[in-house]
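Coordinates in review
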Amino acid sequence: MARGKLILIEGLDRTGKSTQTEKLVKSLGDNALLVKFPERSTQIGGLIDQYLTNPEFLLPDQAIHLLFSANRWEIAESMKRSLLKGQHVVMDRYVYSGVAYSAAKDTKGMDLNWCLQPDKGLLKPDLTLFLTNSDSELRQGFGEERYECTDFQDKVRGQFAAIFDTLEDPDYKSKHIKFLDTTHKTIEEVHQLVRAVTSDYIQGHADVNEFI
Ligand code: T5A
Ligand code: NA
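Residues numbered from 1 in each chain as written. Chains lettered and ligands numbered in written order. Predicted model: local features only at pLDDT ≥ 70, side-chain atom pairs only at ≥ 80, totals over all residues.

Within the protein chain, the secondary structure is distributed over 8 helices and 5 strands. The linear arrangement of helices and strands in the protein chain, starting from the amino end, is β-α-β-α-α-β-α-α-β-α-α-β-α. The C-alpha atoms of the protein chain give a radius of gyration of 16 Å, which matches the 17 Å a tight globule of 212 residues would have. Summarising its shape, the C-alpha atoms of the protein chain cover approximately 45 × 40 × 35 Å along the three principal directions. Here the protein chain holds 212 residues, and the buried ones make up 32% of them. Taking as baseline every contact in the protein chain between residues at least 6 positions apart, the subset at least 24 positions apart corresponds to 80%. (Helix = DSSP H or I, 4+ residues; strand = E, 2+ residues; numbered from the N terminus. Rg over C-alpha atoms; globule rule 2.2 N^0.38 Å. Buried ≥ 20, exposed ≤ 12 C-beta atoms within 10 Å, placed from the backbone. Contact = placed C-beta atoms within 7 Å.)

Below, the structure written as structure tokens:
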């Protein structure tokens, strides 16, 4: 049996990732599983949630970085099993967010390469859809969590660009990472775009079968 595809929706805060991952999973039917990072329902996820929502819950930058990575590792095996059963796994954020947000803090010693190390060995996505939006800070809810301020989001944007330009092989980038501009598009319009790119990918591409 063919394995399912590992599909990732990435982007800055409030660009519509959760909205679009949910719609994509529904449109793929029974054969798709939604995985959201951070997964806040586990014990590790509970600590991450406290860190994000409570400004008084303090952790060193290195420690919260490792917790985000550990949260991916605790779900990695079950994701692998689903893929091998032929299920598509659609992720709401993954390693790119993990590296970009931590590296954007400019903490001494925490450059892109340092930030990438704990995720080494996780499955590499088959397809990444990177959502961009030039006015996402206007969307409902922006500003409620720790990283949601415009200056920091600008730094994160720079780190995402650096990851795609320096850490990814140009051949992988051109075939497996698609950038979708959602500015002034309705939820439904973005969904149609996401669906089109995904079905095109599912029909026409071999599995990546590589690790981070
Ligand atoms: N993080 C995450 C790390 O630092 N390291 C890591 O390893 C990981 C995995 C929380 C934070 O954690 C950081 C990054 C984040 O700062 P999260 O739980 O994914 O990560 O954050 P959330 O708050 O759940 O999600 P976002 O803020 O990123 O929002 P989404 O999912 O991009 O946006 P969504 O879909 O919830 O939509 C936001 C609002 O906009 C509307 C929606 O209805 C909603 O109200 N909307 C639109 N409105 C108009 N037009 C459209 N096309 C719209 N699409 C959505
Ligand atoms: Na979200």
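Here we take up the confidence of the model for the protein chain. Predicted coordinates in regions of low pLDDT should not be interpreted in detail. Mean pLDDT for the protein chain: 96, with 100% of residues reaching 70 or above. The ipTM value of the predicted complex is 0.98, and its pTM value is 0.97. (pLDDT = per-residue confidence, 0-100.)

On to the packing of helix H3 (residues 61–84) against helix H4 (residues 95–103). Packing of H3 against H4 brings their axes to within 10 Å, and their N-to-C directions diverge by 175 degrees. With respect to their mutual orientation, H3 and H4 come out roughly antiparallel. Contacts between H3 and H4 involve Asp61, His65, Phe68, Ser69 and Arg72 on the former and, on the latter, Val95, Gly98 and Ser102. Grouping the amino acids of the contact of H3 with H4 by side-chain chemistry returns 2 nonpolar, 4 polar and 2 charged. (Axes fitted to C-alpha atoms, helices over the stretch in contact; angles between N-to-C directions. Parallel < 35°, antiparallel > 145°, perpendicular 65-115°, else oblique. Nonpolar A, V, L, I, M, F, W, Y, C, P; charged D, E, K, R; others polar.)

Here we take up the site of ligand 1. In the neighbourhood of ligand 1, 26 residues make up the surrounding shell, with Gly16, Ser18, Thr19, Gly98 and Tyr101 lying closest. At the level of elements, helix H1 (17–28), H4 and helix H8 (187–204) are the ones that each hand at least two residues to the shell around ligand 1. (Near = placed C-beta within 6 Å.)

With that settled, consider the UniProt feature "domain: Thymidylate kinase-like" (unreviewed entry) in the protein chain. UniProt records the feature "domain: Thymidylate kinase-like" (unreviewed entry) at residues 9–193, using the numbering of this structure. The span residues 9–193 is 50% helix and 13% strand, and its two end C-alpha atoms sit 13 Å from each other. (UniProt positions renumbered as here; feature names shortened; annotations may be inferred.)

Moving on: unusual backbone geometry. Note that the residue after Phe37, namely Pro38, is joined by a cis bond; omega there is 0 degrees. By secondary structure assignment, the location of Pro38 is in the loop between strand E2 (32–36) and helix H2 (43–53). The phi angle at Arg14 is positive, at roughly 65 degrees, despite the residue not being glycine. On the secondary structure map, Arg14 appears in the loop between strand E1 (6–11) and H1.

Another point: the pairing of E1. By the criterion of burial, E1 is predominantly enclosed, with 6 of the 6 residues buried. Going residue by residue along E1, you find Leu6, Leu8 and Glu10 tucked away on one face and Ile7, Ile9 and Gly11 tucked away on the opposite face as well. Where E1 and strand E3 (residues 88–92) come together, 4 bridges link them in parallel fashion. Looking at E3, one finds that Leu8 is bridged to Met91. Where E1 and strand E4 (residues 127–132) come together, 5 bridges link them in parallel fashion. Looking at the pairing, Ile9 lines up with Leu129 of E4. (Pairing = 2+ DSSP bridges.)

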